[in-house]
Amino acid sequence: MNSKSDKPKLSLRITVYLLLATIFSTGLLGFFWIQSEYSDFLAESKSMRDRYLGNYKNLLKTQVDTAISYIEYQKARVEPRLRQSIEGRVNEAHAVALNIFNQYRDKRTKAEIQDMVKDALRPIRFYKGRGYYFAFNLEGINVLYGGKSEMEQQDMLPVQGAAGEYVVRDMLDIVTSKGEGFYRYTWTKPNQEGLFPKIAFVKLFAPFGWGLGTGEYLDDVESDIQKEVIEFIEKLRFGEDGYVFVGRWDGVSLTRPAKDRNMREVTDSNGTKIVQEMIRLAKGGSGYLEYVMPKFQDKKPAPKLSYAVGIPEWKWYVGTGIYIDEIDAAVALKKKEMEQGIAVDLVKISLILAGIVAFLFVLTLYVSRNTKKNLDAFTTFFEKAGYEQKTIDPGAMHYAELQHLACSANSMVKARNLAEQELIRAHTVLKTILERSPFGVAVIGRDRKIRWVNHYVSELAGAADAADLIGKECEAYLCSALENACPILDKHQEVDNSERILRRRDGREIPILKSVIEIEMNGEPVLLETFMDISERKQAEQEKARLEARLQQAQKMESIGSLAGGIAHDLNNILFPITGLSEMLLDEIPADAPSRESLDQILKSARRGSDLVKQILAFSRQSNPRKLPIRIQPILKEVLSLFRATIPINIEITSRINPDCGMVSADPVQVHQIAMNLITNAYHAVEENGGAIEIGLEEARFDEAVLFDRIMKSGQYACITISDTGPGIDPELIHKIFEPYFTTKPQGKGTGLGLSVVHGIVKQHGGDIRVYSEIGKGTTFNVYLPLLEGANDGKAAAASLRYPTGCESILLVDDEEPIALMEQMMLEKLGYQITVRTSSPDALAAFKANPSGFDLVISDRGMPNMSGEQLAGELIAIRPEIPIIICTGFSDENDERRFKGMGVKGFLMKPVTLEKLATTVRKVLDYDG
């Protein structure tokens with residue numbers, strides 16, 4: 001009795017001792033832990049303050065560096081921007097003058113055309129009204145002065161710039177020697193003291209012998225750029241209220257919020273002259289400044305950090321600032337979080353101690369109750385295992401021995417139910433496969449009633465669900481809707497992969513692929529029918545047929561282009577001697593000779609033939625356009641200006657030109673030609689009954705999925721739209737409109753080359769042209785040109801007015817004797833010693849006999865036996881430094897790159913004029929590597 005009564009007391013005493021030891025050790029550990037947390041807080045606070053301050057400095061420097069980078073970029077662009085701008089303006093004016101000349105040279109006198117050109121250019125202003133065009137003839141007489149019309153017809157040769165340079169004389173030297181170029185000089189400004197540097201660009205307009213140009217002051221461009229810089233910097237924002245400011249070294253602020261105010265005397269609460277200190281830092285390069293400044297929101301003074309950088313050339317300082325009072329707030333918040341954490345941890349420690357006490361109290365009770373609970377579970381399991389599919393959960397057992405016993409009991413039950421479960425699984429899998437099949441499945445009985453269908457069949461037939469069809473007559477839902485697709489059971493007919501038409505309950509027809517076989521189910525013959533919707537396949541077949549038709553049209557146009565290119569090459573060879581000999585005869589006979597007028601007409605006719613060849617080459621995409629990075633907007637506006645002056649008032653012309661449309665890499669003259677041809681067609685469409693013409697420009701994007709042309713690539717395109725409200729185009733003729741010489745216009749209204757030339761130009765630039773027309777409603781042409789992602793600006797040298805001569809020895813090779821004879825006469829007239837060969841092997845033999853006896857070789861490209869390219873390779877192998885010029889009817893950039901890579905120095909496009917021949921030969925002979 002005594003031993004039994006002592007056991008509970010001993011257990012209680014041991015429990016109390018363990019509890020006291022746990023409380024003491026936990027409290028001691030808690031003390032040291034709190035002390036460690038406080039030390040870590042002090043170190044982290046200092047590190048956090050330094051880290052915050054460093055981050056603020058990096059942020060300020062990053063923002064200011066962004067502005068500085070933009071300023072440096074814009075500073076470097078002052079002169080290049082001025083040069084690019086004035087050159088573009090002069091090229092635009094040159095294109096306008098050339099277009100007017102080409103349009104009226106056979107209709108008006110030269111003086112009338114000159115007046116038309118001056119009237120078109122004189123009122124044009126740019127650069128905020130500062131810019132205008134001027135022109136002078138080769139005698140130095142002003143023929144156009146957009147700024148002061150009273151200066152026209154004055155002799156400008158004696159006129160000197162502010163630094164004493166003879167401006168017009170120098171410009172005349174540029175246009176006569178180079179054809180075009182930049183000229184830098186010093187000029188005065190109205191109502192301003194001092195001398196101002198200025199740059200002009202002048203270009204020869206050969207038809208009139210004019211020097212056409214414009215200019216701009218460097219300081220005006222720099223002033224414009226400074227304003228753009230200020231506008232850019234004022235938009236820079238960071239954080240909630242961060243901004244970048246700019247000021248002059250005299251203290252005047254150039255940006256908001258204190259724009260145009262002098263801030264030199266602004267002082268903080270500590271007496272710091274803030275702006276003066278920033279100017280001092282900026283003059284020294286850069287630096288950080290700490291000061292106190294009221295916040296915008298609550299007007300309370302707060303510490304602030306600023307960073308400033310100097311721009312010595314403009315005498316600017318650029319800076320930004322940020323309030324740094326958040327550092328102290330962050331440290332205080334961190335301290336508060338630490339104190340709250342310690343309080344929470346103390347509560348946790350107390351709860352842990354309470355839990356330990358509770359754990360020791362319930363431990364014994366828990367063990368006894370779990371054991372009884374497990375034994376009761378076994379008792380219930382063995383009572384029901386004989387007649388129920390019930391198992392016992394081994395995981396619910398608290399001891400390993402009982403878990404092992406539970407697993408053995410479950411194995412006994414599972415062995416009995418295995419066969420039944422396998423049968424249920426197989427049935428479920430089969431039903432799921434049939435129900436989820438990607439095609440319809442239906443079972444039809446001998447009584448022609450539907451026994452079973454899957455979900456696909458019910459959707460295909462238009463029923464609400466599968467249950468809506470079970471037990472119904474198949475004629476009412478499936479079979480009667482099918483044409484000759486339901487076999488009669490008695491005749492044992494079958495249908496295998498047959499294309500039929502299913503008419504749904506709602507009347508819609510669906511193309512299907514159907515198979516029917518007879519099977520036996522439960523001893524009864526039934527039909528097993530399968531359905532598949534093939535609508536998408538049918539649509540794909542239709543789309544394929546449409547694309548094949550478009551491909552055939554593209555191949556047809558390509559074949560016509562190849563034929564046109566060959567014809568153009570032959571025409572070039574015919575026109576070459578006519579043009580060259582006419583020019584030579586005109587140089588030799590007196591101006592008052594009776595035959596001179598006839599020769600002029602021959603030369604004009606030959607040149608018109610040459611222009612026609614160029615149009616054919618443009619259509620066949622075998623010309624070599626001078627591609628430049630250009631904006632389409634000024635070209636369209638120029639064309640609009642020209643047409644508004646000539647089209648009757650009863651025809652309305654409107655435009656919707658997007659000013660933000662990007663640049664394209666294209667020949668500006670050919671883009672001008674596209675617009676002129678399409679607008680001319682639109683004008684002819686509405687000329688008789690009046691109407692409206694609309695010109696548009698916008699950006700469009702094409703992805704691979706919508707492209708039909710192998711030349712076009714996915715990406716951004718500039719879309720030029722020309723619309724009219726005319727009678728429209730007959731759908732039967734619309735596929736022929738781009739063919740050469742096809743036209744629906746009456747006699748005298750067109751040659752049939754306009755749209756074919758436009759088609760060739762657009763394809764050569766990697767674009768596409770599409771037409772939409774409705775009879776009685778009008779026609780719309782959309783021209784797509786790829787937007788520029790990167791292009792190099794090209795410059796073409798203008799022809800010199802003087803024909804350079806020489807005395808060198810030249811080997812001339814051409815298989816057509818008339819062309820060779822004409823070229824020989826032209827070159828001998830220029831003073832050269834000519835050796836002619838009419839076959840490549842003869843020319844090669846002559847060169848091998850005396851390799852050092854020739855200073856230059858001129859060879860036709862297309863010759864029998866050995867082409868000009870092959871001959872050039874043989875000659876260079878014998879004498880690598882020999883200069884060679886290739887003559888060709890057409891070539892592209894790839895040809896020229898390949899020829900230059902093998903050592904060819906020059907190219908001449910047929911028909912060759914005396915001027916072009918003289919300048920090219922001299923240029924190649926004078927080339928020094």
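Computed from a prediction, not measured in an experiment: that's the story for all the values here.

(A) Spotlight on the packing of helix 17 (residues 840–849) against helix 18 (residues 868–878). In contact at an axis separation of 10 Å, helix 17 and helix 18 are set at 10° when each is read in the N-to-C sense. With respect to helix 18, the axis of helix 17 lies roughly parallel. For the pair helix 17 and helix 18, contact is made by Ser840, Ala843, Leu844, Phe847 and Lys848 and by Leu871, Glu874, Leu875 and Ile878, respectively. Its residues assigned to classes, the contact of helix 17 with helix 18 shows 6 nonpolar, 1 polar and 2 charged.

(B) Main features of the confidence of the model for the protein chain. A residue-level look at the protein chain finds 78% of positions with pLDDT of 70 or above and a mean pLDDT of 79. Within the model, the stretch residues 480–485 combines pLDDT values under 50 with 18 contacts to residues more than four positions away or in other chains. Within the model, the stretch residues 790–801 combines pLDDT values under 50 with 24 contacts to residues more than four positions away or in other chains.

(C) Structural view of the pattern of salt bridges. Evaluation of the coordinates by the stated rule reveals 30 salt bridges. Note that arginine 81 is salt-bridged to glutamate 228, the shortest N-O span being 2.6 Å. A residue pair is termed long-range when its members are at least 10 positions apart, and arginine 81 in helix 2 (residues 78–104) and glutamate 228 in helix 5 (residues 218–234) qualify at 147 residues. A salt bridge links glutamate 808 to arginine 922; the shortest N-O distance between them is 2.9 Å. Remark: arginine 922 occurs in helix 20 (residues 914–925) and glutamate 808 occurs in the loop between strand 22 (778–786) and strand 23 (809–813); sequence separation between them is 114 residues.

(D) Seen up close, the sheet that holds strand 7 (residues 242–248). Spatially, 6-7-10-9-8 is the arrangement adopted by the 5 strands of the open sheet, whose pairing is antiparallel. The outermost strands of the open sheet, each flanked by one partner alone, are strand 6 (237–238) and strand 8 (286–294). Relative to strand 10 (residues 316–323), strand 9 (residues 301–311) runs antiparallel, the two sharing 8 bridges. When the bridges of strand 10 are listed, isoleucine 311 appears paired with tryptophan 316.

(E) Inspection of helix 4 (residues 167–177) at higher detail. Where helix 4 is concerned, the buried positions are Val167, Val168, Met171, Leu172, Ile174, Val175 and Thr176. On its buried face, helix 4 is in contact with strand 1 (134–137), strand 3 (180–189), strand 4 (192–205) and strand 5 (210–217). Positive phi shows up at glycine 179, right after helix 4, with a value of about 95°.

(F) Geometry of unusual backbone geometry. Looking along the chain, the bond that leaves arginine 256 and enters proline 257 is cis, with omega of 15°. With respect to the element layout, proline 257 can be found in the loop between strand 7 and helix 6 (274–283). Positive phi values are uncommon outside glycine, yet aspartate 260 reaches one of about 70°. Tracing the chain through its elements places aspartate 260 in the loop between strand 7 and helix 6. Look at aspartate 260 and you get exposed, because its relative accessible area is 61%. Phi at lysine 315 is positive, roughly 55°, even though this residue is not glycine. Judged by its relative accessible area of 52%, lysine 315 falls in the exposed class.

Criteria and thresholds
Residues numbered from 1 in each chain as written. Predicted model: local features only at pLDDT ≥ 70, side-chain atom pairs only at ≥ 80, totals over all residues. Heavy atoms only, no water. Axes fitted to C-alpha atoms, helices over the stretch in contact; angles between N-to-C directions. Helix = DSSP H or I, 4+ residues; strand = E, 2+ residues; numbered from the N terminus. Parallel < 35°, antiparallel > 145°, perpendicular 65-115°, else oblique. Contact = heavy atoms within 4.5 Å. Nonpolar A, V, L, I, M, F, W, Y, C, P; charged D, E, K, R; others polar. pLDDT = per-residue confidence, 0-100. Salt bridge = Lys/Arg side-chain N within 4 Å of Asp/Glu carboxyl O. Pairing = 2+ DSSP bridges. Buried < 20%, exposed > 50% of the residue type's maximum accessible area, 1.4 Å probe, protein only.

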